[in-house]
Amino acid sequence: MDFKASQKLENLAPYAFKEINDRVTALKEKGITPIDFGVGDPSDPTPNFVIEALNKGAIKHAKSGYPSYIGLKEFREAAAQYMQRRFNVSLNPETEITSNIGSKEAIFNFPQAFLEQDDYVIIPSPGYPPMKTGTTFAGGKCYFTPLLEKNNFLIDFESIPKEIAEKAKIIWLNYPNSPTGAVATKEYYKKLIDWAHTHNIIIAADEGCYIDIYFDEKPLSILEVAKEGIVAFYSLSKRNNMTGYRVGFVCGDEKLISIFKRLKTNIDSGTPNFIQEAAIAALDNDTHCQEMCASYSQKADILLEALKQIGLETHKPKATFYLWQKVPTGMSDIEFAKRLLSPEIGIVVTPGSLISDKCDDGINPGENYVRFALVPSIEEVKLASQLLIDNQKKIELQ
Ligand SMILES: Cc1ncc(COP(=O)(O)O)c(C=O)c1O
């Protein structure tokens, strides 16, 4: 039998990471285990108190049954309490919150609830890939808008052509931003909301993945500014080292949430109840996040010092566990990433161009950057920093 992938799948960009992955495989074949700053998957374990709640939850829900696709009432209440405590945002757990099975699925699926064929979705570049793939699979068109240092990596919404704004149904935001580490201010959100309301565009804010991982001021939620026409996506994956649990929530404008819930009934069957019990415990605890922030901050400082020592321009991010590092002038991000994968260094990073898309001006804004995810242990970060310093000559332009 002959099977072919669908045209939609074929149309997605070819697997761009292959060149980097091949190098990693070659290193492993030589017996070298690279230090992996590539994928943003925390290497620390889920906190014990969460695992205990999970175990108790499994006993409590011994009669399994399908979970509710919108989440247990207790989970939605815990999400509402978290939003109240953390941002002073009041949400009705019945109408303004639904659980998700991790933000990835929610972000991918969300456009299907609102798009007609060829509607535009405005997407930041660099950006989280499901914003793009979800739009394409829903029949929509992507308009990529660049996140540039000169704009503090905020979307310059005023530069979006009027004809695009008129045809756009959704704008995706992601602050605290992966990979740039930027955060948005209240003033910025106010102006952006006015602009989106003028054009009748839904604001889909993927804000909750890194909102509790910050180094100075607490990042704010866009829902502190307004709720109408806005939904915010939350995830426990990074906040509590729970990437494998697949749990989070979506909250905001009740009209949007109600439509999204209708879509969800057709797609998934909800997060398992015992996992929601673990998530309730996790959402209720902030101490754990403070410890994580201190650890990520320490890792950032160690690595930034080494990057500075080898002559690179460095900036500490405001939030998230990523460094969006400029590569030496005259060298491409791919070349820089490859040099870090030489056997003497053995460090994996993500080339910026592979997580960014070309924008209107034909430029890919990730071209001169690589992303470090600060997920290796402190010892590994120290070792990686020393390797960078010891091998400066291998990294520099010759
Ligand atoms: C910006 C951003 N949003 C959302 C997610 C989704 O996380 P999850 O599906 O684990 O909730 C990620 C994961 O890496 C991310 O980086």
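Coordinates for the structure precede this section.
Residues numbered from 1 in each chain as written. Predicted model: local features only at pLDDT ≥ 70, side-chain atom pairs only at ≥ 80, totals over all residues.

A look at the packing of helix H3 (residues 48-60) against helix H10 (residues 273-283)
Move 1: Two elements in contact, H3 and H10, have axes separated by 7 Å at closest approach and are oriented at 145°. For H3 against H10, the interelement crossing comes out right-handed. The residues of H10 that touch H3, namely those facing Phe49, Val50, Ala53, Leu54, Lys56, Gly57, Ala58 and Lys60, are Asn273, Phe274, Ile275, Glu277, Ala278, Ile280, Ala281 and Ala282.
Move 2: Each residue belonging to the contact of H3 with H10 can be placed in one class, and the counts come to eleven nonpolar, two polar and three charged. (Axes fitted to C-alpha atoms, helices over the stretch in contact; angles between N-to-C directions. Helix = DSSP H or I, 4+ residues; strand = E, 2+ residues; numbered from the N terminus. Left-handed = near helix turned anticlockwise from the far one by under 90°. Contact = placed C-beta atoms within 7 Å. Nonpolar A, V, L, I, M, F, W, Y, C, P; charged D, E, K, R; others polar.)

Topic: the sheet that holds strand S5 (residues 168-173)
Move 1: Ordered by their spatial adjacency, seven strands build an open sheet running S2-S8-S7-S6-S5-S3-S4, and the pairing between neighbours is mixed. Strand pairing shows two members of the sheet lacking a second neighbour, strand S2 (97-100) and strand S4 (141-146), which therefore form its edges. Averaged over all pairs of adjacent strands, the angle between strand axes in this sheet comes to 20°, irrespective of strand direction.
Move 2: Alignment of strand S6 (residues 202-208) against strand S7 (residues 230-235), held across four bridges, turns out to be parallel. Bridge pairing in S7 links Ala204 to Val231. (Pairing = 2+ DSSP bridges.)

A look at helix H2 (residues 18-29)
In an α-helix, one full turn covers 3.6 residues, which means residues spaced three or four apart are oriented alike.
Move 1: Helix length check: H2, at twelve residues, gives a terminal C-alpha distance of 16 Å against a target of 16 Å (1.5 Å per residue), a fit within 8%.
Move 2: A positive phi of about 85° marks Gly31, the residue just after H2. (Expected span 1.5 Å × (residues − 1).)

Notes on the packing of helix H11 (residues 287-309) against helix H13 (residues 378-390)
Move 1: One way to put it is that H11 packs onto H13 with a least axis distance of 9 Å and a crossing angle of 5°. With respect to each other, H11 and H13 are oriented roughly parallel. Seen from H11, the contacting residues are Gln298, Lys299, Ile302, Leu303, Glu305, Ala306, Leu307 and Gln309; seen from H13, they are Ile378, Val381, Lys382, Ala384, Ser385, Leu388 and Ile389. (Parallel < 35°, antiparallel > 145°, perpendicular 65-115°, else oblique.)

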